[in-house]
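Notes for the structure review
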Amino acid sequence: MGYYDLFAPFYDGSVEQHYVAQRAAAIDSLAIEAGQTVLDLPCGTGLSFAGLRAAGAGKVVGVDFAQGMVKQAKKRVDEEGWSDVDVVQGDARTVSLGDLNLEQPVDRLLICLGLTCFPDWEAAFDNLWGLLAPGGRCSILDIHAEKRGFYGLVAIFAAQADVRRPVWRPLEDRSEDFSRVDVESTALHGGTLFVASGQKPA
Ligand SMILES: C[S@@+](CC[C@H](N)C(=O)[O-])C[C@H]1O[C@@H](n2cnc3c(N)ncnc32)[C@H](O)[C@@H]1O
């Protein structure tokens, strides 16, 4: 059993209060058009699902590696009765459209607090980018610090995250109309929170 399997039951209570406005900003930057399909990876316990649906997504596919997080996300979907949200266990580095029961690439890709956590994060981004349709948008919410301060070290312990990774760069290199905007951060985040967003060339 992995770290996030153990953490899953406590995740919402301990983490979400620090990311409400920032998560909303990331979802906003996706500029979702009504009925579009959104891949939310890693979905964790599904904290972005409500915002994605409210923004107009016609279908949300949430993917996470940890079974414990997947279980919590599925519980949320069941309790809310969301028939337009699928939750699948998968690895960012290898997951395919077939694994997600999708015939077409997705219209929008949300990578929320994921790339600082993933092993082989650049390979993971490459794989996820391949699942996005030409003309589609990708948004990243994550944390960056040049050096790890005290809370950066806490991030390693508490979230298995390395905040020194420049996780927006592969998106900047590949996308059109790239933007990276710092959003509200406190010392507790262990670095500066940002939303990076860009469109895949059509
Ligand atoms: C900090 S949590 C963020 C979860 C969610 N996006 C949120 O905003 O609450 C990081 C998540 O990344 C997942 N994860 C780690 N490695 C992964 C991988 N290789 N593929 C997919 N998910 C992974 C963990 O299981 C965990 O749920």
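Everything that follows concerns the structure shown earlier in this document.
Notes on the structure follow. (Residues numbered from 1 in each chain as written. Predicted model: local features only at pLDDT ≥ 70, side-chain atom pairs only at ≥ 80, totals over all residues. Heavy atoms only, no water.)

Turning next to the site of the ligand. Taken together, the neighbourhood of the ligand is formed by 17 residues, with Tyr11, Pro42, Asp64, Ala92 and Cys112 sitting nearest. Tyr11 is positioned with one of its side-chain polar atoms (N or O) 2.7 Å from an oxygen atom of the ligand. Asp64 places a polar side-chain atom, nitrogen or oxygen, 2.6 Å from an oxygen atom of the ligand. Considering the ligand on its own, with 590 Å² of exposed area, one finds that the protein chains cover 95% of that surface. Residues of the shell around the ligand, tallied by class, amount to twelve nonpolar, two polar and three charged. (Near = heavy atom within 4 Å. Polar contact = N/O pair within 3.5 Å; in protein donor to acceptor, adjacent residues only side chain to side chain. Areas by Shrake-Rupley, 256 points an atom, 1.4 Å probe, with all protein chains shown as cover. Nonpolar A, V, L, I, M, F, W, Y, C, P; charged D, E, K, R; others polar.)

This next bit is on helix α1 (residues 3-15). An ideal rise of 1.5 Å per residue puts 18 Å on 13 residues; α1 reaches only 15 Å between its terminal C-alpha atoms. Along α1, the sharpest change in direction is near 65° and occurs at Pro9. Listing the buried residues of α1 in full gives Asp5, Phe7, Ala8, Tyr11 and Val15. (Helix = DSSP H or I, 4+ residues; strand = E, 2+ residues; numbered from the N terminus. Expected span 1.5 Å × (residues − 1). Bend = angle between axes of the 7 residues up to and from the residue. Buried < 20%, exposed > 50% of the residue type's maximum accessible area, 1.4 Å probe, protein only.)

The end-to-end C-alpha separation of helix α4 (residues 67-80) is 20 Å, in line with the 20 Å expected for 14 residues at 1.5 Å each. Among all positions in α4, only Gly68, Met69, Val70, Ala73, Arg76 and Val77 are buried. The elements touched by buried residues of α4 are α1, α3 (49-54), β2 (59-64) and β3 (85-89). Just downstream of α4 lies Gly81, where phi reads positive at about 70°. (Contact = heavy atoms within 4.5 Å.)

What follows covers the side chain of Asp142. Along the chain, Asp142 falls in strand β5 (residues 132-144). Of the side chains with opposite charge, Arg165 lies nearest to the buried Asp142, which makes no salt bridge, at 7.6 Å. Within the structure, the side chain of Asp142 is placed 2.7 Å from the side chain of Thr116, a separation counted as a polar contact. For Asp142, the contacting residues outside a window of four places in its chain are Leu113, Gly114, Leu115, Thr116, Val167, Thr192, Leu193 and Phe194. (Lys, Arg positive; Asp, Glu negative; His and termini not counted. Salt bridge = Lys/Arg side-chain N within 4 Å of Asp/Glu carboxyl O.)

Turning to the packing of aromatic side chains, a few remarks are in order. Per the stated rule, a full pass over the model turns up three aromatic pairs. With a centroid separation of 5.5 Å and an interplanar angle of 85°, the aromatic rings of Trp168 and Phe194 are classed as edge-to-face. With a gap of 26 residues between them, Trp168 in the loop between α6 (150-159) and α7 (169-174) and Phe194 in strand β7 (residues 192-199) connect regions that are remote in the sequence. Just as Trp168 is buried, Phe194 falls in that class too. Against the face of Phe194 rests Arg180, its NZ or CZ located 5.2 Å from the ring centre. (Phe/Tyr/Trp six-rings, centres within 6.5 Å; stacked < 30°, edge-to-face > 60°. Lys NZ or Arg CZ within 6 Å of the ring centre and 35° of its normal.)

Contact geometry of α1 with α4 gives a least axis separation of 6 Å together with a crossing angle of 35°. Of the residues in α4, those in contact with Tyr4, Asp5, Ala8, Pro9, Tyr11 and Asp12 of α1 are Gln67, Gly68, Met69, Gln72 and Arg76. In terms of residue class, the contact of α1 with α4 is made up of five nonpolar, three polar and three charged. (Axes fitted to C-alpha atoms, helices over the stretch in contact; angles between N-to-C directions.)

A sheet is described by the order of its strands in space; here seven strands give the open sequence β3-β2-β1-β4-β5-β7-β6, paired in mixed fashion. Unpaired on one side and paired on the other, β3 and β6 (176-182) mark the two borders of the sheet. Averaged over all adjacent pairs, the angle separating strand axes in this sheet is 15°, with direction ignored. Both strand β1 (residues 37-40) and β2 contribute to a ladder of four bridges, which runs parallel. Paired with Val38 across the bridge in β2 is Val60. On top of the sheet, α4 reaches β2 and β3; it is set at about 165° to β3, its chief contact. (Pairing = 2+ DSSP bridges.)

In this section: unusual backbone geometry. Cis geometry marks the peptide bond from Leu41 to Pro42; its omega dihedral reads 5°. Not every positive phi belongs to a glycine, and Leu113 is a case in point at roughly 55°. Relative to the helices and strands, Leu113 resides in the loop between β4 (106-112) and α5 (121-130). Judged by its relative accessible area of 15%, Leu113 is buried. Residue Asp177 is not a glycine yet carries a positive backbone phi of 45°. Looking at the secondary structure, you find Asp177 in strand β6.

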